[in-house]
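As a plain string of letters, each chain reads:
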Amino acid sequence: MQRIYLDYNASAPIDPAVAAAMRPFLEDHFGNPSSEHWAAAGAKAALEEARGQVAALLGANNDEIVFTSGGSEANNLALKGVASALAARGDHIITSAVEHPAIIGPCRSLQQLGFAVSVVPVDRFGRIDPDDVRQAITSRTILISIMHANNEVGTTQPIAEVARIARERGIPLHTDAAQSVGKMATDVNALAVDLLTIAGHKVYAPKGIGALYVRRATPLEPLIHGAGHEGGRRAGTESALLAVGLGKACELARDLAPMDGICALRDRFWQTLQAEFGERVVCNGHPDHRLPNTLNVSFAGHIGAEVLARLEGVAASTGSACHTGHVEPSPVLKAMGVAPEVGMGAIRFSLGRGTTEEEVDTVADRLAHILAPAA
Ligand SMILES: Cc1ncc(COP(=O)(O)O)c(C=O)c1O
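An account of the accompanying structure is given in this report. (Residues numbered from 1 in each chain as written. Predicted model: local features only at pLDDT ≥ 70, side-chain atom pairs only at ≥ 80, totals over all residues. Heavy atoms only, no water.)

A word on the packing of aromatic side chains. Evaluated as defined, the whole model comprises 4 aromatic pairs. Geometrically, the ring pair formed by tyrosine 5 and tyrosine 8 is edge-to-face, given 5.1 Å between the ring centres and 70° between the ring planes. Seen from their ring centres, phenylalanine 269 and phenylalanine 349 are 5.0 Å apart, and the 75° between their planes marks the pair as edge-to-face. Taken as a pair, phenylalanine 269 in helix H10 (residues 258–277) and phenylalanine 349 in strand E15 (residues 346–350) lie far apart in primary sequence, 80 residues in all. Each member of the pair, phenylalanine 269 together with phenylalanine 349, is buried. An aromatic cluster of three or more residues is present, and its members are Tyr5, Tyr8 and Tyr204. In this structure, arginine 353 packs its charged tip against the face of tyrosine 204, placed 3.8 Å from the ring centre. (Phe/Tyr/Trp six-rings, centres within 6.5 Å; stacked < 30°, edge-to-face > 60°. Helix = DSSP H or I, 4+ residues; strand = E, 2+ residues; numbered from the N terminus. Buried < 20%, exposed > 50% of the residue type's maximum accessible area, 1.4 Å probe, protein only. Lys NZ or Arg CZ within 6 Å of the ring centre and 35° of its normal.)

A word on H10. Here H10 contains 20 residues, and its C-alpha end-to-end distance of 29 Å stays within 8% of the 28 Å for a straight helix at 1.5 Å per residue. Among all positions in H10, only Met259, Ile262, Leu265, Arg266, Phe269, Trp270, Leu273 and Phe277 are buried. Around the axis of H10, the buried residues are gathered within 135° of arc, so they sit on the same side. Opposite the buried face of H10, at more than 90 degrees from it, the exposed residues are Asp260, Gln271 and Ala275. Of the surrounding elements, those touching the buried residues of H10 are strand E9 (281–284), strand E10 (294–299), E15 and helix H14 (357–370). (Expected span 1.5 Å × (residues − 1). Arc of directions from axis to C-beta. Contact = heavy atoms within 4.5 Å.)

Let's shift gears to the nonpolar core. Counting 53 residues, the largest nonpolar core has Val54, Leu58, Ile144, Leu196 and Leu246 as its most contacted members. With 6 residues, helix H2 (residues 38–58) is the largest single contributor of residues to this core. Leaving out residues up to four positions away in the same chain, leucine 196 has contacts with Leu58, His174, Thr175, Ala177, Val181, Thr186, Val188, Leu191, Ala211, Leu212 and Tyr213. Listed in part, the 27 residues of the second largest apolar core include Leu6, Phe277, Val314 and Ile347. (Core = buried A, V, L, I, M, F, W, Y, C linked by side-chain atoms within 4.5 Å.)

This part takes up the state of the cysteines. If you walk through the whole model with that rule in mind, you get 0 disulfides. Sulfur of cysteine 283: no disulfide; nearest cysteine sulfur belongs to cysteine 263 and is 12 Å away. (Disulfide = S-S within 2.5 Å.)

This part covers the packing of helix H1 (residues 16–27) against helix H9 (residues 240–253). Helices that pack against each other are described as a pair by the angle of their axes relative to one another and the distance between those axes. Where H1 contacts H9, the two axes come as close as 8 Å, and the packing angle between them is 160°. In terms of their interaxial angle, H1 and H9 are classed as roughly antiparallel. Crossing angle aside, the handedness with which H1 passes H9 is right-handed. Facing Ala17, Val18, Ala21, Met22, Phe25 and Leu26 of H1, the residues of H9 in contact are Ala240, Leu241, Leu242, Val244, Gly245, Lys248, Ala249 and Leu252. (Axes fitted to C-alpha atoms, helices over the stretch in contact; angles between N-to-C directions. Parallel < 35°, antiparallel > 145°, perpendicular 65-115°, else oblique. Left-handed = near helix turned anticlockwise from the far one by under 90°.)

So, about the pattern of salt bridges. Using the criterion set out here, one finds 16 salt bridges in the structure. The partner of aspartate 361 in a salt bridge is arginine 268, with the nearest N and O atoms 2.7 Å apart. Linking aspartate 361 in helix H14 with arginine 268 in helix H10, this pair joins segments that are 93 residues apart in sequence. The network of salt bridges with common partners includes Glu48, Arg51 and Glu230. (Salt bridge = Lys/Arg side-chain N within 4 Å of Asp/Glu carboxyl O.)

For the rest of this paragraph, the subject is unusual backbone geometry. Backbone geometry at alanine 217 places phi at a positive 75°, although glycine is not the residue there. Turning to its location among the elements, alanine 217 is positioned in the loop between strand E8 (210–214) and helix H8 (229–232). Despite not being glycine, glutamate 230 has its phi angle at roughly 50°, a positive value. Here glutamate 230 is to be found in helix H8.

Turning to the site of the ligand, a few remarks are in order. Close contacts around the ligand come from 13 residues, with Gly71, Ser72, Asp176, Gln179 and Lys202 the closest. One of the backbone nitrogen or oxygen atoms of glycine 71 is found 2.8 Å away from an oxygen atom of the ligand. For the ligand, whose accessible area on its own is 390 Å², the fraction buried by protein is 84%. When the residues that make up the shell around the ligand are grouped by side-chain class, the tally is 3 nonpolar, 8 polar and 2 charged. (Near = heavy atom within 4 Å. Polar contact = N/O pair within 3.5 Å; in protein donor to acceptor, adjacent residues only side chain to side chain. Areas by Shrake-Rupley, 256 points an atom, 1.4 Å probe, with all protein chains shown as cover. Nonpolar A, V, L, I, M, F, W, Y, C, P; charged D, E, K, R; others polar.)

Moving on, we come to the environment of leucine 113. Among the secondary structure elements, leucine 113 is positioned in the loop between helix H4 (101–112) and strand E4 (116–120). Separated by 22 residues in the primary sequence, leucine 113 and aspartate 91 place their C-alpha atoms 9.7 Å from one another.

A few words on the packing of helix H3 (residues 71–85) against H4. Their axes nearest at 9 Å, the elements H3 and H4 cross at an angle of 30°. For the element pair H3 / H4, the angle class is roughly parallel. The handedness of the crossing between H3 and H4 comes out as right-handed. Contacts between H3 and H4 involve Ser72, Asn75, Asn76, Leu79, Lys80 and Ala83 on the former and, on the latter, Ala102, Ile103, Pro106, Cys107, Ser109 and Leu110. Residues of the contact of H3 with H4, tallied by class, amount to 7 nonpolar, 4 polar and 1 charged.

Moving on to the side chain of histidine 174. With respect to the helices, strands and loops of the structure, histidine 174 is situated in strand E6 (residues 173–176). A distance of 2.8 Å separates the side chain of histidine 174 from the side chain of threonine 197, its partner in a polar contact. Discounting residues that sit within four places of it in the chain, histidine 174 has contacts with Asn75, Ala78, Leu79, Ile103, Leu143, Ile144, Ser145, Ile146, Leu195, Leu196, Thr197 and Leu212.

A word on helix H6 (residues 159–168). Residues Ile159, Val162, Ala163, Ile165 and Ala166 constitute the buried set of H6. Angularly, the buried residues of H6 cover 165° about the axis, an arc narrow enough to put them on a single face. Residues of H6 that are exposed and angled more than 90 degrees away from the buried face: Arg164 and Glu168. Considering only its buried residues, H6 is in contact with helix H5 (130–136), strand E5 (141–145), E6 and helix H7 (188–191).

And the structure:
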C-alpha cells in the first residue's frame, strides 16, 4: 500500500536541514543559556541566533520574539496575557467565528473570569468583514484576535484592514498565523499586527516549539511566572535545541518560491477532481483568498470520514465530527453556512514540500474509483 501524506496543515515533517542544525544540540551545548560560563556560551549564542531568524522572517526586532511550547501556548499567552495586563482598562475581546480551538479555549476561559467576547461572523467563503469588527468595538475593547489563515479551509483574513481599524482605536491586534507562516508573507509591519502566533511543527520544525511576536510596548502579563527568561514574558529555561530548529525552519521559510509549485499541484488536483466529478464535488473556502497548499472539498452524498477510510494509506483530515453516531460538519463549516449534507462530506487535503504530482494524481484516481456512481 502506497502511503501518501496530504495533511501538512496538521503537521509537517522536520526538514532535513532543520534536523541537521539541531543535531549538535542533542549532544553538545548542554549548558543553561542563562548561565555565564563556557558550557552556556554555545547554547546562548544559538538561542539568540534562532531568535534573530524568527524575527527576520516576520520583519520584527529580536526582542519582540518570545519562544513558547507551540501555537496553543502562544495564543494563550497573547489572549490571557493582554487581557490580564489591560484588565483595568476594559473587559471586551473581539474574535472571529472560524478560530482554532487554541483561540476559542482561552476566550472561554476569559469569559469565566468576567471578560465579554464578541464573535464576528464570516461569509460563505469563511471571510470576515472588517466593518463588522469596527461595529463590535466598544469603549471596553482591549484586544482583537483574528486568525490570519484558517486551518480547515485555508481562507485568509483581511488582517491589514482590521489593523487599520484597531490602530485608529488604540486596540492591540493579535493574529494566529500558525497556518500562514511559511506559506505566505507574514511581515508584522505589513500586517500591522501587535501580536502574532507561530507554531513550529507547521513550518517543518519540531513539535514542542513555537513563538509569539509581541510588538514593543504591547502590554503583556506572563502566563508562566518565574525567573526573567524571554524578557520576563515566559519563565523557564529555554531549549536551545528546539529554538535552533524553529530558527532554521524560519530561515528556510523566508523563501516562498517553493509554494508556487505546491500551489500548482493543489490546483492540478482540484482540476482533476472537477473534471472527474463535475458538480458532485465542491470546494469549501475562498477561491482566491486562500492558503496556496489547502484544498477542502466535499463530495455530494458522501461522508468525509467514510471516504477517507476507503482511501487507505492516504493521510488527510475530515471536516466533520462524529458525535454519538451522528455526523456533524465542523464549527468552521457551520459558521460559513455550508449545508449539512455538504459539510459532512468535507475532506481537507493539505500539500507540502514533499508532495509530488504522482501523489495527487494517484489520490484523484483512487477517489474516482471509490466514488464512481454504482452502475
Ligand atoms: C490555526 C492554528 N492555531 C493554533 C494551532 C495550535 O498549534 P500547536 O499545535 O503548535 O499548539 C493550530 C494547530 O493545528 C492551528 O492550525
